[in-house]
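Residues per chain are reported as follows:
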Amino acid sequence: MFFGEYEHNIDDKGRLIIPSKFRESLGGQFVLTKGLDCCLFVFSMEEWENFESKLKSLPISDKDARAFTRFFFAGAADCELDRQGRASIPISLRKYAKITKEVTIIGVSNRLEIWDSQLWSGYNDNDDLNYEDIANNMAMLGI
């Protein structure tokens, strides 16, 4: 399980240090893809296979299901860590997530999210995010 928040810088070659706390759970190879809310999702291979299975079970006849599946698969990239614990983030994914230099990496249960630090700060400062309302909605879902 991933949790916590870490700040790092991406270097000029697009390499990002993955916090040591996350490396073992992530494994040597993992999948990086477009995420929701303008961030990147990082899945261990096991979690990617679980996620892939759920996406594959969506009906191909449903327009939204096709779009949702395309979104994640078209943006996906196999990644591995170098000896310094860095991952190379493809330029297309950096552009999607508007990542330039300062990055925030957060653990979100079964995945990591990589955010441009300014976007992450703006997300957290968003007045539309009312955590009490969100908690009430989650309660209706049984959480």
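Preceding this paragraph is the structure being described.
The structure presented is a predicted model; accordingly, all values stated were derived computationally and were not measured. (Residues numbered from 1 in each chain as written. Predicted model: local features only at pLDDT ≥ 70, side-chain atom pairs only at ≥ 80, totals over all residues. Heavy atoms only, no water.)

**A closer look at the pairing of strand E4 (residues 40-44)**
- In terms of residue burial, E4 counts as a mostly covered element, since five of its five residues are buried.
- Neither face of E4 is open: one carries Leu40, Val42 and Ser44, the other Phe41 and Phe43, and all of them are buried.
- Once strand E3 (residues 29-34) ends, the chain turns through five residues before running back antiparallel as E4, passing Asp37 with a positive phi of about 65°.
- Summarising the sheet, E4 and strand E8 (residues 111-116) pair through three bridges and their orientation is antiparallel. The partner of Phe41 across the bridge, within E8, is Glu113. (Buried < 20%, exposed > 50% of the residue type's maximum accessible area, 1.4 Å probe, protein only. Helix = DSSP H or I, 4+ residues; strand = E, 2+ residues; numbered from the N terminus. Pairing = 2+ DSSP bridges.)

**Looking at unusual backbone geometry**
- Although it is not a glycine, Cys38 adopts a positive phi angle of roughly 70°.
- When you line up the elements, Cys38 lands in the loop between E3 and E4.
- A positive phi angle is found at Lys98, which is not glycine, with a value near 55°.
- Relative to the helices and strands, Lys98 resides in the loop between helix H4 (91-96) and strand E7 (102-109).

**Some words on helix H3 (residues 63-74)**
- A rise of 1.5 Å per residue sets the reference length of H3, with its 12 residues, at 16 Å; its end C-alpha atoms lie 16 Å apart and thus fit the reference within 8%.
- Backbone nitrogen of Asp64 and a side-chain oxygen of the N-cap are separated by 3.0 Å at the start of H3; the cap is Asp62. (Expected span 1.5 Å × (residues − 1). Polar contact = N/O pair within 3.5 Å; in protein donor to acceptor, adjacent residues only side chain to side chain.)

**Looking at the environment of Phe30**
- Along the chain, the position of Phe30 falls in strand E3.
- Accessibility expressed as a relative area gives 1% for Phe30, which makes it buried.
- Note: C-alpha distance between Phe30 and Ser57 (27 residues apart in sequence) is 22 Å.
- Here Phe30 is in contact with Val42, Phe43, Ser44, Met45, Ala77, Asp78, Cys79, Glu80, Leu81 and Ala87, once residues within four sequence places are set aside. (Contact = heavy atoms within 4.5 Å.)

**A few points about the nonpolar core**
- In this structure, Leu32, Leu40, Ile89, Leu112 and Ile114 are the most contacted members of the largest nonpolar core, which totals 21 residues.
- Secondary structure elements with two or more residues in this core: helix H1 (20-26), E3, E4, strand E5 (77-80), E7 and E8.
- The residues touching Ile114, leaving out its near neighbours within four places in the chain, are Leu16, Leu32, Cys39, Leu40, Val42, Ile89, Ile99, Val103, Thr104 and Ile105.
- Among the nonpolar cores identified, the runner-up in size contains 11 residues, and Cys39, Phe51, Leu55 and Trp120 belong to it. (Core = buried A, V, L, I, M, F, W, Y, C linked by side-chain atoms within 4.5 Å.)

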